[in-house]
Amino acid sequence: MIDVVRTVVVTLAICVRRFVCEHEDCPQRTFDERFCGIGRGGASTRALSFFADLARGRATRAVARDLGVPEHYLRVAVGKKRSRANDAGPRTLGRHLAIDECAVKKNQAFASVFSDPGREVVLDVGPGRGGAVVWAFAGRYSYAERARVRVVTMDCHAPYRAMVRVCFPNALIVADAFHLHRRVHQALAEVRRGAWRRLRKDHPELAPVMKAARYPLARARDDLLADGTERGVKGRLVVYDATNLDAELGLAYELKEAFRAAMTFGK
């Protein structure tokens, strides 16, 4: 709409219904209503050029004027946080780069934070959390500077990873520990759901054990053994029953604990 009528900003407010799947093995569980012709969006080439202007230090007011939107639209995403980032310290790239996202306005406006863990400084804060903001940040540096970056630490966000491979050709992408732990727990949950489906089919009277083991299986074994409360006792019993009822679940549980031990040793 902005590309057609630059002087008028039109906002389309759509009430989207939220649905919850009743099947426990559903990979999504919750999802919202889709409308034909209205996609999830993404940064267009034109929007990307404006984000690049912001990353290069151009005034937010001038960018908003060229974009044809009210100034506070961009202030919500960049505003004061961007000013603090510009004054945080040296702007040169080191060998280690960290990328993370933060919510400027909860569930509405997000920003990407670029920092140097070695020097403990914030290099820049850009609007959004897609590949476009990484492209705009990288555009401020020459190829030689970007080639010197050896490690990029971030989460498992696919747009980040794809753009980092393009912009930082010599960098090793390292996922942070939190997201690695989450992936392992997701894999364990998938195995538990598979065991629940098998028991529900062959031995329906034992299926509730798998449901009750959902949270105890996710707890660290050391914490579970040290828990002397009634909750801890029940948790240990249900983990023992669940892992003995299904060999695949027992193996997945041991692999989860081995991964946790390896991460602790690495620290």
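Residues numbered from 1 in each chain as written. Predicted model: local features only at pLDDT ≥ 70, side-chain atom pairs only at ≥ 80, totals over all residues. Heavy atoms only, no water.

## Brief notes about the pairing of strand β6 (residues 151-154)
What you see with β6 is a clean split: Val152 and Met154 sit on the buried side and Val151 and Thr153 on the side with no burial. Of the strand pairs in this sheet, β6 and strand β7 (residues 172-175) are connected by four bridges, and their pairing is parallel. Bridge assignment links Met154 to a residue of β7, and that residue is Ala175. Considered for its hand, the β-α-β crossover made up of β6, helix α7 (residues 158-167) and β7 is right-handed. (Buried < 20%, exposed > 50% of the residue type's maximum accessible area, 1.4 Å probe, protein only. Helix = DSSP H or I, 4+ residues; strand = E, 2+ residues; numbered from the N terminus. Pairing = 2+ DSSP bridges. Right-handed = clockwise from strand over helix to strand, strands pointing away.)

## Re the nonpolar core
Inside soluble globular proteins, nonpolar side chains tend to come together where they are buried. With 21 residues, the main nonpolar core has Leu97 and Phe168 as its most contacted residues. Looking at this core, the elements that each hand over two or more residues are β3 (96-105), β5 (121-127), α5 (131-138), β6 and α7. With residues up to four places along the chain from it excluded, the contact list for Phe168 reads Leu93, Leu97, Val134, Phe137, Ala138, Arg146 and Val149. Formed by 16 residues, the second largest nonpolar core is a distinct cluster that contains Leu188, Val191, Trp196 and Ala252. (Core = buried A, V, L, I, M, F, W, Y, C linked by side-chain atoms within 4.5 Å. Contact = heavy atoms within 4.5 Å.)

## Comments concerning a nonpolar patch on the surface
Taken together, the side chains of Ile14, Val16 and Phe35 present a nonpolar region at the surface, about 230 Å² in accessible area. Secondary-structure assignment places Val16 in the segment before β1 (18-20). (Patch = residues over 30% accessible without salt bridge, like charges linked within 9 Å, V, L, I, M, F, W, Y side chains within 5 Å. Areas by Shrake-Rupley, 256 points an atom, 1.4 Å probe, with all protein chains shown as cover. Salt bridge = Lys/Arg side-chain N within 4 Å of Asp/Glu carboxyl O.)

## Digging into helix α12 (residues 230-245)
A rise of 1.5 Å per residue sets the reference length of α12, with its 16 residues, at 22 Å; its end C-alpha atoms lie 23 Å apart and thus fit the reference within 8%. Among the residues of α12, those classed as buried are Gly232, Gly235, Val238, Val239, Ala242 and Thr243. Axial view of α12: buried residues confined to an arc of 130 degrees, hence all on one face. Set apart from the buried face of α12 by more than 90 degrees, the exposed residues are Glu230, Lys234, Leu237, Tyr240 and Asn244. (Expected span 1.5 Å × (residues − 1). Arc of directions from axis to C-beta.)

## Some remarks on the confidence of the model for the protein chain
Considering every residue of the protein chain, the mean pLDDT works out to 79; 77% of them sit at 70 or more. Overall, residues 83-90 carries pLDDT values under 50, and its contacts beyond four positions in sequence, including any with other chains, amount to 11 contacts. (pLDDT = per-residue confidence, 0-100.)

## Here we look at helix α13 (residues 247-266)
For α13, which comprises 20 residues, the first-to-last C-alpha distance of 29 Å matches the rise-based estimate of 28 Å (1.5 Å per residue) to within 8%. Listed in full, the buried residues belonging to α13 are Leu249, Gly250, Ala252, Tyr253, Lys256 and Glu257. Viewed along the axis of α13, the buried residues span an arc of 165 degrees, placing them on a single side of the element. Set apart from the buried face of α13 by more than 90 degrees, the exposed residues are Ala247, Leu251, Leu255, Phe265 and Gly266. Tucked into the core, α13 has its buried residues touching α8 (177-202), α9 (207-212), α10 (214-218), α11 (221-226) and α12. Measuring from the backbone nitrogen of Glu248 back to the side-chain oxygen at the start of α13 gives 3.2 Å, which picks out Asp246 as the cap. (Polar contact = N/O pair within 3.5 Å; in protein donor to acceptor, adjacent residues only side chain to side chain.)

## Points about the pairing of β5
Of all seven residues in β5, six are buried; the element is thus mostly enclosed. Across six bridges, the pairing between strand β4 (residues 109-116) and β5 is antiparallel. Residue pairing across strands places Phe114 opposite Asp124, the latter belonging to β5. Between β4 and β5, which pair antiparallel and follow one another directly, the connecting turn spans four residues, one of which, Glu120, has a positive phi of 60 degrees.

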